[in-house]
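# Structural description and commentary
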Amino acid sequence: MKKLMIVFLFIPILGFAQTKKDIFNPKVPLVFFGADYSKVQCTKSDEFSNKPEILRFFVDANNLIDRNWKHIVRNKLDRDTVGWDLSYVTNANASVDWQKVFSDNIDYTISDDEIGGMIKSLNINQAKYKDCIGLILVEENLCKTKPLVTIAEVFFNINDLNPLLIKHYSVKPGGYGFLNYWGISNGYLLIKTDKLKKEVM
């Protein structure tokens, strides 16, 4: 009897363990946390000008998502509503040293293990978003040489902060001006989200 009581006491604390299938389950609440540029690299270094302004771009890129693609996130994930909280990536992006953002490693990527660490370092309020699935875009490489943008679309269980699905994409940038040229890639990626159903169902 004591063992059973211990088990029941722990259930409310741990919450439910979401699975990949729940990514497209409208009954499971989902929260979009924005685009995380905290580990991004811009390559090659000498092909970028006005380098200190890259931190402003991180803010503007998330504002671009906020203004234009909320309905896409909802529709592609089969939900009437999606939670929206960009504060955590805003803090992470603001902590970046712009001098370390630029490199000559045009094949730079971020490993899945490192992405797992990035999720935990966001310090998301797990009590506030208990039993929700989280979604972030991990920006990997803005490569002017190729040119390509590499981004990881990451779904994770907020209860334990472990990834449920990490999907890496390479997107050809395009658009007028620095913000649109690099930032619109996030919209192209989000439009493809529903194609992940075949992988998770």
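Just so it is clear, the model here is predicted, and its values are computed rather than measured.

## A word on the pattern of salt bridges
A full pass over the atoms with the stated rule returns 6 salt bridges. With its nearest N and O atoms 2.8 Å apart, the salt bridge here joins Lys167 to Glu199. Residue Lys167 is found in strand β7 (residues 162-171), and its partner Glu199 is found in helix α7 (residues 197-200); the two are separated by 32 residues along the sequence. Given a relative accessible area of 42%, Glu199 falls into the partly exposed group.

## With respect to the packing of helix α2 (residues 54-68) against helix α6 (residues 177-191)
Relative placement of two packed helices is described by the angle separating their axes and the distance separating the axes. It is the contact of α2 with α6, at a shortest axis distance of 9 Å, that shows an interaxial angle of 40 degrees. In terms of their interaxial angle, α2 and α6 are classed as oblique. Handedness of the α2/α6 crossing: right-handed. In this structure, α2 uses Ile54, Phe57, Asp60, Ala61, Leu64 and Ile65 to contact α6, whose residues at the interface are Phe178, Leu179, Asn180, Trp182, Gly183, Ile184, Asn186 and Leu190. Residues that form the contact of α2 with α6 fall into these classes: 10 nonpolar, 3 polar and 1 charged.

## A closer look at the pairing of strand β6 (residues 148-157)
Burial of β6 is extensive: 9 of the 10 residues sit out of reach of the surface. Counted between consecutive antiparallel strands, the loop separating strand β5 (residues 133-143) from β6 contains 4 residues. Across 9 bridges, the pairing between β6 and β7 is antiparallel. Its bridge partner lying in β7, Phe155 is registered against Leu165. Turn length for the β6-β7 hairpin, with the two strands adjacent in sequence and antiparallel, is 4 residues, and the turn residue Leu161 shows positive phi of about 65 degrees.

## A closer look at the layout of surface pockets
What the largest pocket holds in volume is close to 210 Å³. Lining of the largest pocket is provided by 13 residues; of these, Ser49, Asn50, Glu53, Ile54 and Phe178 occupy positions nearest its centre. Listing elements by their share of the lining of the largest pocket, those giving two or more residues are α2 and α6. Here the element with the most residues in the lining of the largest pocket is α2; it accounts for 4 residues. Its residues assigned to classes, the lining of the largest pocket shows 6 nonpolar, 2 polar and 5 charged.

## A closer look at the confidence of the model for the chain
Considering every residue of the chain, the mean pLDDT works out to 92; 92% of them sit at 70 or more. Overall, residues 1-13 carries pLDDT values under 50, and its contacts beyond four positions in sequence, including any with other chains, amount to 2 contacts.

Conventions we followed
- Residues numbered from 1 in each chain as written.
- Predicted model: local features only at pLDDT ≥ 70, side-chain atom pairs only at ≥ 80, totals over all residues.
- Heavy atoms only, no water.
- Salt bridge = Lys/Arg side-chain N within 4 Å of Asp/Glu carboxyl O.
- Helix = DSSP H or I, 4+ residues; strand = E, 2+ residues; numbered from the N terminus.
- Buried < 20%, exposed > 50% of the residue type's maximum accessible area, 1.4 Å probe, protein only.
- Axes fitted to C-alpha atoms, helices over the stretch in contact; angles between N-to-C directions.
- Parallel < 35°, antiparallel > 145°, perpendicular 65-115°, else oblique.
- Left-handed = near helix turned anticlockwise from the far one by under 90°.
- Contact = heavy atoms within 4.5 Å.
- Nonpolar A, V, L, I, M, F, W, Y, C, P; charged D, E, K, R; others polar.
- Pairing = 2+ DSSP bridges.
- 1 Å grid on protein atoms, 1.4 Å probe; cavity = no way out; pocket = protein on both sides within 12 Å on 5 of 7 lines; lining within 4 Å.
- Points joined across faces, edges and corners; volume = space filled by probe spheres on them.
- pLDDT = per-residue confidence, 0-100.

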